[in-house]
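Structural description and commentary
Letter by letter, the chains look like this.
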Amino acid sequence: MAKVPKIDDAVDAGGAFWNPGTPDQQFSGFLQKAPGKRLELTTCPKSGAVPLEEFIAQINGEKKYTPAVLHGFTSQGKSTLLRIQHVATPGLNGLVEGESINWDRYRVSAALFGLHIPDENSSVIDSVRLQFSGITDWLVPPLDVKFDSDSIKISIPNVQPVLVESSLPELEAKISISVSTNLKLGPVGDRRLKGTVEVVVNPITRQSLDWFIDKANRLEHLFSLLLGTSVALRRFAMKHNDGEGWLSLTRHTRIEKPDRQSWIVCTPKELAGWIRHWLSHAENLRPFENLVYGTLRNNKLFVETEFLTLAQALESFHRIAHPQRFTFKERMESLFARVSSLSLRAVLRETPASFEETLRENRDAFTHLGLAKPKAFRDSLDIFLFNQKLHALLRLLLLLDIGVPEERALAPVLYQAHRWS
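Report follows, based on the coordinates.

Rules and cut-offs
Residues numbered from 1 in each chain as written. Predicted model: local features only at pLDDT ≥ 70, side-chain atom pairs only at ≥ 80, totals over all residues. Heavy atoms only, no water. Helix = DSSP H or I, 4+ residues; strand = E, 2+ residues; numbered from the N terminus. Buried < 20%, exposed > 50% of the residue type's maximum accessible area, 1.4 Å probe, protein only. Contact = heavy atoms within 4.5 Å. Areas by Shrake-Rupley, 256 points an atom, 1.4 Å probe, with all protein chains shown as cover. Expected span 1.5 Å × (residues − 1). Core = buried A, V, L, I, M, F, W, Y, C linked by side-chain atoms within 4.5 Å. Axes fitted to C-alpha atoms, helices over the stretch in contact; angles between N-to-C directions. Parallel < 35°, antiparallel > 145°, perpendicular 65-115°, else oblique. Left-handed = near helix turned anticlockwise from the far one by under 90°. Pairing = 2+ DSSP bridges. 1 Å grid on protein atoms, 1.4 Å probe; cavity = no way out; pocket = protein on both sides within 12 Å on 5 of 7 lines; lining within 4 Å. Points joined across faces, edges and corners; volume = space filled by probe spheres on them. Nonpolar A, V, L, I, M, F, W, Y, C, P; charged D, E, K, R; others polar.

**Looking at the overall build of the protein**
When its secondary structure is counted, the protein shows 11 helices and 17 strands. For the protein, the proportion of its 421 residues judged to be buried stands at 45%. For the protein, long-range pairs separated by at least 24 residues make up 68% of all intrachain contacts whose partners lie at least 6 apart in sequence. When the accessible surface of the protein is summed, it comes to about 21700 Å², and 52% of that surface belongs to carbon and sulfur atoms.

Shown next as structure tokens:
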């Protein structure tokens, strides 16, 4: 995926834009985004007589008509702007002079460069190529360097170009993971095997941009589960007919440095099976998945909020499969039963009954502030350490659900549960 910018890279492109239905009515403007910030389209200033009707409508708080999609030709080539919102019409209306100077500012949720598509829901995209943070070291083995008295022996691992291929009959799509590597020999001690991992999503029939974004988000969640640290989508390139384009999107996903002790080690065949299982999850699991790998990866949560969200996630995970009426204690006991008693005690470092009581009583206390006094937690550090066990328990349950053997998952989960204690 050479030369494809990251989805959250800065954008600074001037160009002409138009409504797809009226390509002869164009206006000029600048599309700009600072790294990690929102995309904004600012039209070029227009001068002339005071537009009284627009001025009065603005005073009355009436919203200006905004097309849902704009096509453009910019200094980055073709562009498609999606989910557009009118922000403001700055400038000056000189009622005394009878002259005005105005421009419009629009917020753009997503922009495609290199392609024109009707909208985000039209099935016009053939395939996408994705790159994620953190997974290269996980999938590309390190060099084996041995030092003799008079020589250095470097063994380069044999990495298959196509590491994983997974067919998804339910989605009528195929997902493949390809790896390219090159050896870097620098100064003494700088010997690395650099790699690029690319995930290709290739449906049998064309799909919409929203469909592909959903699959990219779900793969991001799966890789975060398997690596034990927050993984983020970094590049998104798509193919449409004979053309290719890339996506610019504002995301606030936390990116964490990979930690080998948190990784689930697997074979390509196992990874293909886990991808198939994860993406074939029923629709009723989506809100739970978004809660766990959307809300909980927000690094700005207070520990109390994180605690309540984790408690809700555990309860929801059981309720999805068992919608019948259960008490919170019964639901936790049912979840505990999915893990062997030895593994459960190792993760919790206390009896399951004691852990459940602490979880339940503090959940009730934080939910109904003023009616009950939180128990067991002395300060924020206690809540933080308890949250790590909750994270680890939830991760273990999810790993077991997609088919990871308990003995393979236990060591990384234990490291995650107790690394700070």
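**With respect to helix 4 (residues 268–279)**
Here helix 4 spans 17 Å end to end across 12 residues, near enough to the 16 Å set by a 1.5 Å rise per residue. Among the residues of helix 4, those classed as buried are Leu 271, Ala 272, Gly 273, Trp 274, Ile 275, Trp 278 and Leu 279.

**A few points about the nonpolar core**
Side chains that are nonpolar tend, in soluble globular proteins, to be buried together. Among the nonpolar cores identified, the biggest contains 92 residues, and Leu 130, Leu 209, Leu 219, Leu 226, Phe 236 and Leu 359 are the most heavily contacted of them. Those residues in contact with Leu 226 that lie beyond four places of it in its chain are Trp 138, Ser 262, Trp 263, Ile 264, Leu 271, Trp 274, Arg 395, Leu 399 and Ile 402. In this structure, Phe 17, Leu 39, Val 108 and Phe 113 belong to the second largest nonpolar core, which totals 15 residues.

**Brief notes about the packing of helix 8 (residues 341–348) against helix 11 (residues 406–418)**
Across the interface, helix 8 lies against helix 11 with an axial gap of 9 Å and an inter-helix angle of 15°. Judged on the interaxial angle alone, helix 11 and helix 8 are roughly parallel. Note that helix 8 runs across helix 11; the crossing there is right-handed. Along the contact surface, helix 8 presents Ser 343, Ala 346 and Val 347, while helix 11 presents Glu 406, Leu 410, Val 413, Leu 414, Ala 417 and His 418.

**A look at the pairing of strand 9 (residues 105–113)**
Note that strand 3 (residues 39–43) and strand 9 share four bridges and pair antiparallel. Across the sheet, Leu 41 pairs through a bridge with Tyr 106, a residue of strand 9. The sheet contact formed by strand 6 (residues 77–88) and strand 9 spans eight bridges and is antiparallel. Bridging across to strand 9, Leu 81 finds its partner in Ala 111. Pairing of strand 9 with strand 17 (residues 243–249), which is carried by four bridges, proceeds in the antiparallel orientation.

**Concerning empty space enclosed by the protein**
One pass over the full model with this rule turns up one cavity of 30 Å³ or more. If you trace the largest cavity, you find it lined by Trp 278, His 281, Leu 285, Phe 288, Glu 289 and Leu 398. Classifying every residue of the lining of the largest cavity gives four nonpolar, one polar and one charged.

**Focus: the environment of Ala 88**
Here Ala 88 is to be found in strand 6. Distance from Ala 88 to Thr 42, taken between C-alpha atoms, is 9.8 Å for residues 46 residues apart in sequence. Ignoring anything within four residues of it in the chain, the contact list for Ala 88 reads Trp 103, Asp 104 and Arg 105.

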